[in-house]
Amino acid sequence: MTQDELKQSVARAACDYVRDHLPAGAILGVGTGSTANFFIDEIAGIKDRLGGAVASSEATAARLASHGVRVLDLNSVDAIGIYVDGADEIDGRMAMVKGGGGALTREKIVAAVADTFVCICDASKRVQTMGKFPLPVEVIPMASAYVSRELGKLGGTPRLREGMVTDNGNLILDVHGLSISDPVSLEAQINQIVGVVTNGLFALRGADVLLLATANGVETHVR
């Protein structure tokens, strides 16, 4: 199967999961990225069951709206039943590296509100130790040089993502060369650097369910 076919299969599985586990009229959180886009296309068929959707980026909001899905501001909802999003890497403890699309801060906010976080990805994203994919860090523009120096002290090589401005008006530093053996500790450590908005480690609040697309079908893993 091609990677797009794998993404399509896991998107269908996620739609089935939402249909089976999200009560009618409840709010759905929707992530950002290519796999999330396949999922958005799938849930167009069940949009009448949803009370609405909270998007993790402007791009996701636009795609949802194009399918006629009601898009809600997070401040207008009290709860999100399920949040569905992809990952750039995920380990056996359901910690993730996210932010390849630059939406990590809003993704992390929506995930924090959700009762259940469902990660959807193909088997190539499942790793024993995270770090091969560069770790994104969203930074306040005036602090980018300082934060870069501080990140370098952690053993990685930060590089400014050229031409990238987040939906929040900030910059992304991608940290290359890390071997992330303790993602919970590293997530907290990086977030303590002044000027960091947040980083792409989703370990303090990892996935509850992993739908993993393989050549033999979609596997379901529960934390």
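The coordinates are above.
Rules of the game
- Residues numbered from 1 in each chain as written.
- Predicted model: local features only at pLDDT ≥ 70, side-chain atom pairs only at ≥ 80, totals over all residues.
- Heavy atoms only, no water.
- Helix = DSSP H or I, 4+ residues; strand = E, 2+ residues; numbered from the N terminus.
- Rg over C-alpha atoms; globule rule 2.2 N^0.38 Å.
- Areas by Shrake-Rupley, 256 points an atom, 1.4 Å probe, with all protein chains shown as cover.
- Lys, Arg positive; Asp, Glu negative; His and termini not counted.
- Charge placed at Lys NZ, Arg CZ, Asp CG, Glu CD.
- Buried < 20%, exposed > 50% of the residue type's maximum accessible area, 1.4 Å probe, protein only.
- Pairing = 2+ DSSP bridges.
- Right-handed = clockwise from strand over helix to strand, strands pointing away.
- Arc of directions from axis to C-beta.
- Contact = heavy atoms within 4.5 Å.
- Axes fitted to C-alpha atoms, helices over the stretch in contact; angles between N-to-C directions.
- 1 Å grid on protein atoms, 1.4 Å probe; cavity = no way out; pocket = protein on both sides within 12 Å on 5 of 7 lines; lining within 4 Å.
- Points joined across faces, edges and corners; volume = space filled by probe spheres on them.
- Nonpolar A, V, L, I, M, F, W, Y, C, P; charged D, E, K, R; others polar.
- Core = buried A, V, L, I, M, F, W, Y, C linked by side-chain atoms within 4.5 Å.
- Phe/Tyr/Trp six-rings, centres within 6.5 Å; stacked < 30°, edge-to-face > 60°.

Asker: It is not clear to me how the overall build of the protein should be interpreted in this structure. Could you clarify?
Answerer: When helices and strands are counted, the protein shows six helices and 13 strands. Its C-alpha radius of gyration of 17 Å places the protein within 12% of the 17 Å reference for a compact globule of 223 residues. Overall size of the protein, expressed as C-alpha extent along the three principal axes, is 50 × 40 × 30 Å. Counting every atom, the protein has about 9800 Å² of accessible surface; 49% of that belongs to carbon and sulfur. Across the protein, the mean location of the 20 positive side-chain charges is 2 Å away from that of the 26 negative side-chain charges.

Asker: Honestly, the pairing of strand E2 (residues 52-55) in this entry has me stumped. Any pointers?
Answerer: Moving residue by residue along a regular strand, the side chains alternate between the two faces of the sheet. Every second residue of E2 is oriented toward a common face, with Gly52 and Val54 on one face and Ala53 and Ala55 on the other, all of them buried. In this sheet, E2 lies alongside strand E1 (residues 27-30) in parallel orientation, the contact comprising four bridges. Residue isoleucine 27 lies in a different strand from E2, and its bridge partner there is glycine 52. A crossover links E1 with its parallel partner E2, the connecting element being helix H2 (residues 34-43), and its sense is right-handed.

Asker: Looking at this structure, I do not really get helix H3 (residues 58-66). What am I missing?
Answerer: Residues that lie three or four places apart on an α-helix share one face, since the helix turns once every 3.6 residues. Among all positions of H3, only Thr60, Ala61 and Leu64 are buried. Taken down its axis, H3 places every buried residue within 100 degrees of arc, on the same side. Residues of H3 that are exposed and point more than 90 degrees away from the buried face comprise Ala59 and Ser66. Its buried side turned inward, H3 meets E1, H2 and E2. Glycine 68, located one to two residues past H3, shows a positive phi value of around 80 degrees.

Asker: Help me understand the sheet that holds strand E10 (residues 196-199) in this model?
Answerer: Pairing between the strands of a sheet comes from backbone hydrogen bonds, and it takes one of two forms, parallel or antiparallel. Taken in spatial order, the four strands make up an open sheet running E8-E9-E7-E10, and their pairing is antiparallel. Only two strands of the sheet have a single neighbouring strand rather than two, namely strand E8 (157-160) and E10. Strand after strand, the sheet turns through a mean of 30 degrees between neighbouring axes, direction not considered. Sitting on the sheet, helix H4 (residues 104-113) touches strand E7 (135-139), strand E9 (171-176) and E10, and the angle it makes with E10 is about 70 degrees. Running at roughly 15 degrees to E9, helix H5 (residues 144-152) makes contact with E7, E8, E9 and E10 of the sheet.

Asker: Just checking my understanding: could you explain the layout of surface pockets for this structure?
Answerer: Over the atoms a probe the size of a water molecule is rolled, and this reveals where empty space is left. Estimated volume of the largest pocket: approximately 240 Å³. Around the largest pocket sit 14 residues that line it, and Val54, Ala55, Asp73, Leu74 and Arg106 are the ones nearest its centre. If you list the elements that add at least two residues to the lining of the largest pocket, you get E2, H3 and H4. At three residues, H4 tops the list of elements feeding residues into the lining of the largest pocket. Across the lining of the largest pocket, the residue classes tally to eight nonpolar, three polar and three charged. Taken together, 18 residues line the second largest pocket, and the ones lying closest to its centre are Thr32, Gly33, Gly86, Ala87 and Asp88. Elements with a contribution of two residues or more to the lining of the second largest pocket: H2 and strand E6 (114-122). Considered class by class, the residues forming the lining of the second largest pocket number four nonpolar, eight polar and six charged.

Asker: What should I look at first to understand the nonpolar core in this one?
Answerer: Side chains of a nonpolar character, in soluble globular proteins, are inclined to be buried together. By size, the foremost hydrophobic cluster in this structure holds 30 residues, and its most contacted members are Leu28, Phe39, Ile43, Val84 and Leu211. Those elements giving two or more residues to this core turn out to be helix H1 (3-21), E1, H2, E2, H3, strand E3 (80-85), E6 and strand E12 (209-214). A per-element tally of this core places H1 first, with eight residues. Phenylalanine 39 has contacts with Ala11, Ala14, Cys15, Val18, Leu28, Val30, Val84 and Ile120, leaving out every residue within four places of it along the chain.

Asker: Hey, could you run me through the packing of aromatic side chains in this one?
Answerer: By convention here, two paired aromatic rings are described through the distance between centres and the angle between planes. Tallied over the entire structure, the rule returns two aromatic pairs. Ring geometry for tyrosine 83 versus phenylalanine 117: centroids 5.0 Å apart, planes at 65 degrees, classification edge-to-face. Here tyrosine 83, found in strand E3, pairs with phenylalanine 117, found in strand E6; they are 34 residues apart in sequence, far enough to count as distant. Each member of the pair tyrosine 83 and phenylalanine 117 is classed as buried.

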